[in-house]
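Each chain is listed here by its residues.
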Amino acid sequence: MRASPPGSAPVRTPSGLLALLLSLCLAAAAAVLVSLPAHASVPPDPAGWTSVFRDDFNGPAGSGVNTANWQYVNGTSYPGGPANFGTGEVETMTSATSNVALDGNGNLRITPQRDAAGNWTSGRIETTRSDFQPPAGGKLRIEARLQMPDVTGAAAKGYWPAFWALGAPYRGNWWNWPSIGELDVMENVQGVNNEWATMHCGVGSGGPCNETTGIGGQTPCVPTACQAAFHTYAVEWDRSTSPEQMRFYLDGVDFHTVRADQVDATTWANATDHGYFLILNVAMGGAFPAAFGGGPDAGTVPGHALVVDYVAVWQAAGGATAPPTTAPPTTAPPTTQPPTTAPPGSRDAYSAIQAESFDQQSGLTTEPTTDTGGGLDVSSAAGGDWALYKGVDFGAAPATQFYARVASGAAGGVSGLVEVRLDSPGNAPVGSFAVANTGGWQSWRTVPANISAVTGTHDVYLTFTSGQPADFVNVNWFDFGH
């Protein structure tokens, strides 16, 4: 999300981790887009699309937002809602221009500040409208051009900027998350060069949408880091396709798609049979930053703003062409597949590799599984554990997806990352996803993640990283896709 899982649930952590390399063609497309000036106007309406909301944030330096378009959310929660917006974030939101203000150059700046006593303030604004949804059989595109807070490393600890949307029924209820739906168009933590996009739905723990993690994807900003330049972040809600889709874009490239047939019809309807309102904010601390090193501390440097050039929403009737920068949807994740077994040291990357067939491991055990196909699963994975699978053949056509069948009965607040590394456990991950409680240690779900392109034959390490010492995941099998 962005962020806060506003609602009654503990915070989710989006699925995926840091820098994944994109293709050269994506880099070329992004290079064109990030060359735009810091103050770029909202793009003209593409053919077949009609603008239904736009804000260029023009106005005098130091002035507040246009309250015909936006409303401030102040304090540490919604009235009567969960404390700390349900996420554990530590800041107090204000409407002060030190936290939320136009810069006089066509941008909005949302800036976290810390006082002499160590207390954090920041800003959170929402659209006054909550009716953004596609027409019947049509499309809706929500887009913003943003520069993430320009701070990295230890100085960025606890930063959590986001651009996201919540289902209209959340307003005035505050306890019906995630069933009413949440679309996280852009989330980032700790100043890493990565963007997470997630759809939340279903029930507060586990369920069809893998809460509190949600159905997420992630990708780095290229060729310039998210913190160093403006990039364009969008979601396209498409009712003209069957099944209906939510497609998430970075600089016009679709890197994550959620389809209606990935969940049951009631869950999808509960999340999409109403309008949405939009949110921009920078939180400090909370469950998502905690999963990647923790909240703000004495080394965190205040005063780095999320800079917003514009926010725009378009609608299109069925059959309209997509905006010019839109890429075709990526291939959707496969449904759960029956396990197959490859002998150790000679494995097909595109057939399910049984987790218990490792060649070496550290910190893991095995146990009988109740999942489809029976057999064993690898259990009790915690931070620092790993398993080695030798001789995995990816072939000549690059693998760009990773899927793992996982289950978790971890306690609230306990989560971690399932990472893929090649040839050495000390090499940087080529991809990963986050996982928390799925409803039980034998409550299985298949979780997808993007990976950087992999060809040839490699030794594959599954490594497990967590901010807590507790066990957080079991693994039944995993495989890869194009």
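Residues numbered from 1 in each chain as written. Predicted model: local features only at pLDDT ≥ 70, side-chain atom pairs only at ≥ 80, totals over all residues. Heavy atoms only, no water.

Another aspect to go through is the overall build of the protein. When helices and strands are tallied, the protein shows 3 helices and 30 strands. Put simply, the protein has 482 residues, and 57% of those count as buried. (Helix = DSSP H or I, 4+ residues; strand = E, 2+ residues; numbered from the N terminus. Buried < 20%, exposed > 50% of the residue type's maximum accessible area, 1.4 Å probe, protein only.)

A separate point is the packing of aromatic side chains. Using the criterion set out here, one finds 20 aromatic pairs in the structure. Pairing Trp196 with Phe292 gives two aromatic rings, centres 5.4 Å apart and planes at 55 degrees, and the pair type is tilted. Placement of Trp196 in strand β12 (residues 195-200) and of Phe292 in the loop between α3 (287-291) and β18 (306-316) is noted, with a sequence separation of 96 residues between them. Judged by its relative accessible area of 0%, Trp196 is buried. Assessed through its relative accessible area of 18%, Phe292 is described here as buried. (Phe/Tyr/Trp six-rings, centres within 6.5 Å; stacked < 30°, edge-to-face > 60°.)

Below, the discussion takes up the nonpolar core. Where a protein is soluble and globular, its nonpolar side chains tend to be buried together. By size, the foremost hydrophobic cluster in this structure holds 53 residues, and its most contacted members are Leu108, Leu146, Phe163, Tyr233, Leu280 and Val311. Ranked by residues supplied to this core, first place goes to strand β17 (residues 276-284) with 5 residues. In this structure Leu108 touches Phe57, Val65, Val100, Ala101, Leu102, Ile125, Leu280, Leu306, Val307 and Val308, once residues within four positions along its chain are discounted. Core analysis: the next-biggest nonpolar cluster, separate from the first, contains 34 residues, Ala399, Phe402, Leu422 and Leu462 among them. (Core = buried A, V, L, I, M, F, W, Y, C linked by side-chain atoms within 4.5 Å. Contact = heavy atoms within 4.5 Å.)

Another aspect to go through is the pattern of salt bridges. Applying the stated rule across the entire model yields 14 salt bridges. For Arg141, the salt bridge is made with Glu143, and the minimal N-O distance between the two is 3.0 Å. Of the residues examined, Glu143 reaches a relative accessible area of 7% and is grouped as buried. Here Asp297 and Lys157 are joined by a salt bridge, their closest N and O atoms 3.1 Å apart. (Salt bridge = Lys/Arg side-chain N within 4 Å of Asp/Glu carboxyl O.)

With that out of the way, let us pick up the environment of Gly286. Mapped onto the secondary structure, Gly286 falls in the loop between β17 and α3. Along the backbone, Gly286 and Glu89 are 197 residues apart, and their C-alpha atoms lie at a distance of 3.9 Å. Excluding anything up to four places from it in sequence, Gly286 contacts Thr87, Gly88, Glu89 and Trp160.

Across the sheet, 7 strands lie side by side as β2-β8-β17-β10-β11-β12-β13; this open sheet has antiparallel pairing. For this open sheet the edge positions go to β2 (70-72) and β13 (215-219), each flanked by a neighbour on one side alone. The sheet shows a mean angle of 15 degrees between the axes of neighbouring strands, taken without regard to direction. (Pairing = 2+ DSSP bridges. Axes fitted to C-alpha atoms, helices over the stretch in contact; angles between N-to-C directions.)

Right, let's talk about the pairing of strand β14 (residues 231-238) for a bit. Burial runs high along β14: 8 of the 8 residues are buried. Side-chain alternation along β14 places His231, Tyr233, Val235 and Trp237 on one buried face and Thr232, Ala234, Glu236 and Asp238 on a second face that is also buried. Pairing of strand β9 (residues 139-147) with β14 involves 8 bridges; the strand directions are antiparallel. Looking at the pairing, Leu146 lines up with His231 of β14.

The subject of this paragraph is the confidence of the model for the protein. Taken over all residues, the pLDDT of the protein has a mean of 86, while the share at 70 or more is 86%. Counted against residues more than four places away or in other chains, residues 1-35, with its pLDDT under 50, gives 160 contacts. Residue range residues 321-345 is modelled with pLDDT below 50. Its contacts to residues more than four positions away, or to other chains, number 61 contacts. (pLDDT = per-residue confidence, 0-100.)

All right, on to the environment of Phe57 then. Here Phe57 shows up in the loop between β1 (49-55) and β2. In this structure the C-alpha to C-alpha distance between Phe57 and Val311, which are 254 residues apart in sequence, comes to 8.6 Å. Apart from the residues lying within four places of it in its own chain, the contact partners of Phe57 are Trp70, Leu102, Gly106, Asn107, Leu108, Leu280, Val308, Asp309, Tyr310 and Val311.

Further remarks concern the sheet that holds strand β7 (residues 120-122). Pairing in this open sheet of 3 strands is mixed, and the strands run β3-β7-β6 from one edge to the other. Each having just a single partner strand, β3 (92-93) and β6 (113-114) make up the two edges of the open sheet.

This part takes up empty space enclosed by the protein. Scanning all chains against the criterion turns up 1 cavity of 30 Å³ or more. Of the pockets and cavities examined, the largest cavity occupies roughly 40 Å³. In terms of lining residues, the largest cavity is bounded by Ala291, Ser415, Gly416, Leu417, Ala434, Ser466 and Gly467. Residues that form the lining of the largest cavity fall into these classes: 3 nonpolar, 4 polar and no charged. (1 Å grid on protein atoms, 1.4 Å probe; cavity = no way out; pocket = protein on both sides within 12 Å on 5 of 7 lines; lining within 4 Å. Points joined across faces, edges and corners; volume = space filled by probe spheres on them. Nonpolar A, V, L, I, M, F, W, Y, C, P; charged D, E, K, R; others polar.)

So, on to the environment of Phe53. Summarising the element assignment, Phe53 is placed in strand β1. For the pair Phe53 and Ala312, spaced 259 residues apart in sequence, the C-alpha to C-alpha distance is 5.4 Å. When residues no more than four places from it in sequence are discounted, the contact partners of Phe53 are Asn69, Trp70, Thr127, Phe132, Val311, Ala312 and Val313.

This next bit is on the side chain of Ser357. Position of Ser357 among the secondary structure elements: in the loop between β20 (353-354) and β21 (360-362). Of the polar contacts made by the side chain of Ser357, one reaches the backbone oxygen of Gln354; its length is 2.6 Å. (Polar contact = N/O pair within 3.5 Å; in protein donor to acceptor, adjacent residues only side chain to side chain.)

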